[in-house]
Amino acid sequence: MSIFILFFCFLFLCFSIGVFFDNRVALREIFLISVLIFSTYIVVITEILSAFHCINFASVFISWSLLLFLTLIPVLKKKQAIRYFIVIKDKIKSKYLSLKLSDKILFYASSFLLLLMLIQGLIYPPNNCDSMTAYLARTIHWISHGSVEYYTTNNLQQLYHPPLPQYIIMHFNILSSGDYFANIVQFFFLIFSLFGLISINRELGISVNFDMLSIFIAITIPMVILEASSTMTDIVVSFFVITSIYYAIRAVKNSTWQNFLLLGLSSGLGCLSKATSYIYIGTVLIIFAIGILFKLLKTKQYSIVGYSFLALVVFIGINSGHYYRNYKLTQNLLGTEKQESHLYLNEKMSPKLLVSNIMKNVGLHIYPATFNNLYNRLIYKVHYEMGQPIANKETNYYKNLNYVGKIKAISFNNENFAPNPLHFALIVIAFISVIFLGRKQIGYNKIVLYALMIVLQALFFCFVLKWQMFHSRLHTPLFLVSIPLIGYCYYLKPFYRKLLNVMISFIFIYSLSVILFNCYRPY
């Protein structure tokens, strides 16, 4: 099957990068770099083929054959290639043998859950409402027209929404002559997000012993489970948010052009994946810019200015095609008309309205229904005390006004509004522990800055976007990037370690039930 050329391209791309760095870079980072290059290649060939109206099987297959040929070149250097393969094999074997019994249990439990998600994505056709009306519908038009140019439609979301996840799905669909593999795109991005989280753990000084627990916690987030076998886009976004954070940290610590280039790729590809990336990645870049400015003033390393310009050029270059088409459509780089932007963006904001939005977004993760009912009463009481209407049109999506403060968190298996209650509780306790109980610990300042970044991301989210009952899925990047905080508390706070050890079995059972009783793709 022609589809396998994609998998061979990625495999040999990883191998080529590994041989190039010759063991100077950790295997997990080789995977991250490979995904960034692979995704960039998809954007480039899609834009080039689109310009000539040549998005078809033959052109796409030739484009990937060219990459496969280029990545096979290092294999011809037999001695170096064989040596690298042996080193990698020994590293993986050594890593597995070094795992403690508890880590091996987590490894097998995580592998079992991931296998179930993969099978789920393969045996079911795409059947999510958003996918049917927007995400997948646009890929059919692109293939039919041989181009990603805009077309006549009554659903403008098919046009102006950032297209990268659908570019990837389109290539899968063209090479497989169907949508058989459309659901597994997010699954693969989930796998590589795990490597990104482990890389952030290393940068924050979190023990390598937390790696398996990081993986387990990440893949048991209910919304992650549900989206991993769907054609939604939030896990794809999460990957690029994670890599943006990682390379921002690396670029501040070691200001080389390579780190700035990879930061530009991560942020550019993230913003080409979904509009929420502008909130999540934008926060990262603001903190990064402040850090770089302080370093520039301190070290007088003026090459940083040039490297920053390189990252900016890469960011704009990746998004230029999409920006151009949006500007032709609405004279707006993001593509939204003023009338439509009012549907999703807060029309006014104040401290009281921000508190209102924060409480309502938190309420999406309160479960089971008994706790949810109590929390809904609290929301009403707080709004009454503030003198604010709970369902105003300025800060609530107009189609959800009848649901404000009345959400019953019973759809634990629905990828549109599933709550993440256990993980939410762990993250809240971790934040409290970091703020009040960790001041004397090594690496505390880095953890506090990281926690501040997550808080700002959440605040900007609530500040910018009107509340919707579907926001739980948009919170996915926040949950994933919070996992290093859990690791920090796990190894430094005995009470937190005991709490998490007790919760692991409950988390596994809950996540397994989410997989088996998936609303759209049940077993």
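Scroll up to find the structure this text is about.
Not measured: the values here are computed from a predicted model. (Residues numbered from 1 in each chain as written. Predicted model: local features only at pLDDT ≥ 70, side-chain atom pairs only at ≥ 80, totals over all residues. Heavy atoms only, no water.)

## Brief notes about the overall build of the protein chain
Okay, step 1: Regarding its fold elements, the protein chain presents 24 helices and zero strands.
Okay, step 2: In terms of overall size, the protein chain behaves like a compact globule, its C-alpha atoms giving a radius of gyration of 23 Å where 523 residues would be expected to give roughly 24 Å.
Okay, step 3: By principal-axis analysis of the C-alpha atoms, the protein chain measures approximately 70 × 55 × 55 Å.
Okay, step 4: Looking at the protein chain as a whole, 54% of its 523 residues are labelled buried.
Okay, step 5: Residue pairs at least 24 apart in sequence account for 80% of intrachain contacts in the protein chain once pairs closer than 6 positions are excluded.
Okay, step 6: Accessible surface, the protein chain: about 22900 Å² in total, of which carbon and sulfur atoms supply 71%. (Helix = DSSP H or I, 4+ residues; strand = E, 2+ residues; numbered from the N terminus. Rg over C-alpha atoms; globule rule 2.2 N^0.38 Å. Buried < 20%, exposed > 50% of the residue type's maximum accessible area, 1.4 Å probe, protein only. Contact = heavy atoms within 4.5 Å. Areas by Shrake-Rupley, 256 points an atom, 1.4 Å probe, with all protein chains shown as cover.)

## A closer look at the environment of Trp142
Okay, step 1: Among the structural elements, Trp142 can be located in helix 6 (residues 129-145).
Okay, step 2: Through-space distance from the C-alpha of Trp142 to that of Ser50 is 8.7 Å; in sequence the pair is 92 residues apart.

## Some points on the pattern of salt bridges
Okay, step 1: Following the criterion strictly, the structure yields ten salt bridges and no others.
Okay, step 2: Residue Arg473 is joined to Asp130 by a salt bridge in which the shortest nitrogen-to-oxygen separation is 2.7 Å. With Arg473 in helix 21 (residues 471-474) and Asp130 in helix 6, the pair connects residues that are 343 residues apart, well separated along the chain.
Okay, step 3: Judged by relative accessible area, which is 22%, Asp130 ranks as partly exposed.
Okay, step 4: When the shortest N-O distance is used, the salt bridge between Lys466 and Glu347 registers 2.6 Å. (Salt bridge = Lys/Arg side-chain N within 4 Å of Asp/Glu carboxyl O.)

## Structural notes on helix 3 (residues 57-76)
Okay, step 1: In a regular helix each residue adds 1.5 Å, so 20 residues correspond to 28 Å; helix 3 covers 29 Å between its end C-alpha atoms and thus fits that length.
Okay, step 2: Between a side-chain oxygen at the N-terminus of helix 3 and the backbone nitrogen of Ala58 the separation is 3.3 Å; the capping residue is Asn56. (Expected span 1.5 Å × (residues − 1). Polar contact = N/O pair within 3.5 Å; in protein donor to acceptor, adjacent residues only side chain to side chain.)

## Focus on the packing of helix 14 (residues 277-299) against helix 15 (residues 303-330)
Okay, step 1: Contact geometry for helix 14 and helix 15: axes closest at 11 Å, N-to-C directions at 160°. Judged on the interaxial angle alone, helix 15 and helix 14 are roughly antiparallel. Our pair here, helix 14 against helix 15, has a crossing hand that is left-handed. Side by side, helix 14 and helix 15 meet where Tyr278, Ile292, Lys295 and Leu296 of the first sit next to Ile304, Val305, Ser308, Phe315, Asn319 and Tyr323 of the second.
Okay, step 2: Partitioning the contact of helix 14 with helix 15 into residue classes produces seven nonpolar, two polar and one charged. (Axes fitted to C-alpha atoms, helices over the stretch in contact; angles between N-to-C directions. Parallel < 35°, antiparallel > 145°, perpendicular 65-115°, else oblique. Left-handed = near helix turned anticlockwise from the far one by under 90°. Nonpolar A, V, L, I, M, F, W, Y, C, P; charged D, E, K, R; others polar.)

## Considerations on the packing of helix 2 (residues 27-51) against helix 9 (residues 185-203)
Okay, step 1: Close contact between helix 2 and helix 9 brings their axes to 9 Å; oriented N to C, the two are set at 130°. Between helix 2 and helix 9, the angle falls in the class oblique. In the crossing of helix 2 with helix 9, the sense of the turn from one axis to the other is left-handed. Residues Arg28, Phe31, Leu32, Val35 and Ser39 of helix 2 touch helix 9, and the partners they reach there are Phe189, Phe192, Phe195, Gly196, Ile198, Ser199 and Arg202.
Okay, step 2: Partitioning the contact of helix 2 with helix 9 into residue classes produces seven nonpolar, three polar and two charged.

## Description of a nonpolar patch on the surface
Okay, step 1: On the surface, Ile286, Ile290, Phe294, Val455, Leu459 and Phe460 cluster together into a nonpolar patch covering about 530 Å² of accessible area.
Okay, step 2: Contributing elements (two or more residues each) for the nonpolar patch: helix 14 and helix 20 (444-464).
Okay, step 3: Mapped onto the elements of the fold, Phe294 is located in helix 14.
Okay, step 4: The exposure class assigned to Phe294 is exposed, which follows from its relative accessible area of 58%. (Patch = residues over 30% accessible without salt bridge, like charges linked within 9 Å, V, L, I, M, F, W, Y side chains within 5 Å.)

## Concerning unusual backbone geometry
Okay, step 1: With an omega dihedral of 5°, the bond running from Tyr367 to Pro368 counts as a cis peptide bond.
Okay, step 2: Residue placement: Pro368 occurs in the loop between helix 17 (351-363) and helix 18 (369-386).
Okay, step 3: The backbone phi angle of Ser177 is positive, close to 55°, even though this residue is not glycine.
Okay, step 4: In this structure, Lys300 takes a positive phi of about 60° despite not being glycine.
Okay, step 5: Relative to the elements of secondary structure, Lys300 occurs in the loop between helix 14 and helix 15.

## Remarks on the side chain of Ser176
Okay, step 1: Locating Ser176 in the fold gives a position in helix 8 (residues 164-176).
Okay, step 2: In this structure Ser176 comes out as buried when scored by relative accessible area, which is 6%.
Okay, step 3: Looking at Ser176, its side chain comes within polar contact range of the main-chain oxygen of Gly178, at 3.0 Å.
Okay, step 4: In this view, Ser176 contacts Ile3 and Phe181; residues no more than four positions away in its chain are not counted.

## A closer look at the nonpolar core
Okay, step 1: Ranked by internal contacts, the top residues of the largest apolar core, which has 141 residues, are Trp64 and Met117.
Okay, step 2: Beyond its immediate chain neighbours, meaning those up to four positions away, Met117 contacts Phe187, Leu190, Ile219, Ile225, Ala228, Ser229, Ile515 and Tyr523.
Okay, step 3: If you look at the next biggest cluster of nonpolar residues, it comprises five residues, including Ile366, Tyr375, Ile379 and Ile390. (Core = buried A, V, L, I, M, F, W, Y, C linked by side-chain atoms within 4.5 Å.)

## What to know about the state of the cysteines
Okay, step 1: Under the definition given, this model contains zero disulfides.
Okay, step 2: Looking at Cys462, it has no disulfide partner, and the nearest cysteine sulfur is the one in Cys271, 19 Å off. (Disulfide = S-S within 2.5 Å.)

## Quick word on the packing of aromatic side chains
Okay, step 1: By the definition in use, this model includes 31 aromatic pairs.
Okay, step 2: Seen from their ring centres, Phe189 and Phe240 are 5.8 Å apart, and the 55° between their planes marks the pair as tilted. Note that Phe189 is positioned in helix 9 and Phe240 in helix 12 (residues 234-253), a separation of 51 residues in sequence. The pair Phe189 / Phe240 is uniform in exposure class, with both members buried.
Okay, step 3: Taken together, the ring pairs in this structure connect Phe10, Phe31, Phe38, Tyr41, Trp64, Phe192 and Phe195 into an aromatic cluster. (Phe/Tyr/Trp six-rings, centres within 6.5 Å; stacked < 30°, edge-to-face > 60°.)

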